[in-house]
Amino acid sequence: EWREYNELRGGLNYEKLTKFFSRRPYLITGRLIKVGTILKKTIDEWESAKPTESPDESADDGIYNFDYVSEDEMDRVNSESGETDRGKKLCERMSSLGPVAVKICQTLSQRADIVGDEACNALKTLQTANIQFDDDLAIAIMKESLNWNGPIAENLVNKDGGGKKERALFEYMS
């Protein structure tokens, strides 16, 4: 699927983008539908799940104190409050939207004034415990993109190399 986008390489070019997407209107429409569906489902799940108790608002002086909460502390607080499923689902859904959504959520995890304390604490796990990108796929994409058949780095064994010592791509490039 990612190979389709190779023709877009080479900088921002309006004509190239128009030509590419006019031949593939389903890409934009499909992506918008997918994002909209996931966001709607996430909102519905969030609103129907048990919320955590709100912090004491009597001490609100108009200043929000951004306290660092370690991942271990978040897990303990979340499991005690019943928020684990709600926060976990929020993070899973946002992760499924891709790296741009994850980056936006990582930023929002520092903005309790926008998303609230509970969502803020849940989204903080995207900074430390996000779903990893598959290493084998990343290596395959790099090899194909750079037209390289050998190992990528000295410490990464070339599965197709049959044990013979080949020069690593990173060594070759530096």
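Residues numbered from 1 in each chain as written. Predicted model: local features only at pLDDT ≥ 70, side-chain atom pairs only at ≥ 80, totals over all residues. Heavy atoms only, no water.

(A) View of the side chain of Ser 109. Along the polypeptide, Ser 109 turns up in the loop between α5 (99-108) and α6 (112-115). You can call Ser 109 buried: its relative accessible area is 0%. A distance of 3.4 Å separates a polar atom in the side chain of Ser 109 from a polar atom in the side chain of Gln 110. In this view, Ser 109 contacts Cys 120, Leu 123, Lys 124 and Gln 127; residues no more than four positions away in its chain are not counted. (Helix = DSSP H or I, 4+ residues; strand = E, 2+ residues; numbered from the N terminus. Buried < 20%, exposed > 50% of the residue type's maximum accessible area, 1.4 Å probe, protein only. Polar contact = N/O pair within 3.5 Å; in protein donor to acceptor, adjacent residues only side chain to side chain. Contact = heavy atoms within 4.5 Å.)

(B) Molecular detail of the pattern of salt bridges. Using the criterion set out here, one finds 4 salt bridges in the structure. Between Glu 45 and Arg 93 there is a salt bridge, and its shortest N-O distance comes to 2.6 Å. Placement of the pair is Glu 45 in helix α2 (residues 25-48) and Arg 93 in helix α4 (residues 84-96), with a sequence separation of 48 residues. What makes Glu 45 buried here is its relative accessible area of 18%. When the shortest N-O distance is used, the salt bridge between Asp 113 and Arg 111 registers 2.6 Å. (Salt bridge = Lys/Arg side-chain N within 4 Å of Asp/Glu carboxyl O.)

(C) Molecular detail of the nonpolar core. If you look at the biggest cluster of nonpolar residues, it comprises 13 residues, and the most contacted ones within it are Leu 90, Met 94, Leu 97, Cys 105, Leu 123 and Leu 126. At the level of secondary structure, the elements contributing two or more residues to this core comprise α2, α4, α5 and α7 (117-123). When neighbours within four sequence positions are excluded, Leu 123 is seen to be in contact with Leu 90, Cys 91, Cys 105, Leu 108 and Ser 109. (Core = buried A, V, L, I, M, F, W, Y, C linked by side-chain atoms within 4.5 Å.)

(D) Structural view of the packing of helix α1 (residues 14-22) against α2. Following both chains from N to C, one finds α1 and α2 inclined at 80°, their axes separated by 6 Å at the closest point. Overall, the two elements α1 and α2 adopt an arrangement that is roughly perpendicular. Listed contacts from α2 to Phe 20, Phe 21 and Ser 22 of α1 are Pro 25, Leu 27 and Ile 28. The class makeup of the residues in the contact of α1 with α2 is 5 nonpolar, 1 polar and no charged. (Axes fitted to C-alpha atoms, helices over the stretch in contact; angles between N-to-C directions. Parallel < 35°, antiparallel > 145°, perpendicular 65-115°, else oblique. Nonpolar A, V, L, I, M, F, W, Y, C, P; charged D, E, K, R; others polar.)

(E) View of the packing of aromatic side chains. If you walk through the whole model with that rule in mind, you get 1 aromatic pair. The interplanar angle of 90° and the centroid separation of 4.9 Å between the aromatic rings of Phe 20 and Phe 21 together place this pair among those described as edge-to-face. In this structure, Arg 86 is placed above the aromatic ring of Trp 46, and the distance from its NZ or CZ to the ring centre is 3.8 Å. (Phe/Tyr/Trp six-rings, centres within 6.5 Å; stacked < 30°, edge-to-face > 60°. Lys NZ or Arg CZ within 6 Å of the ring centre and 35° of its normal.)

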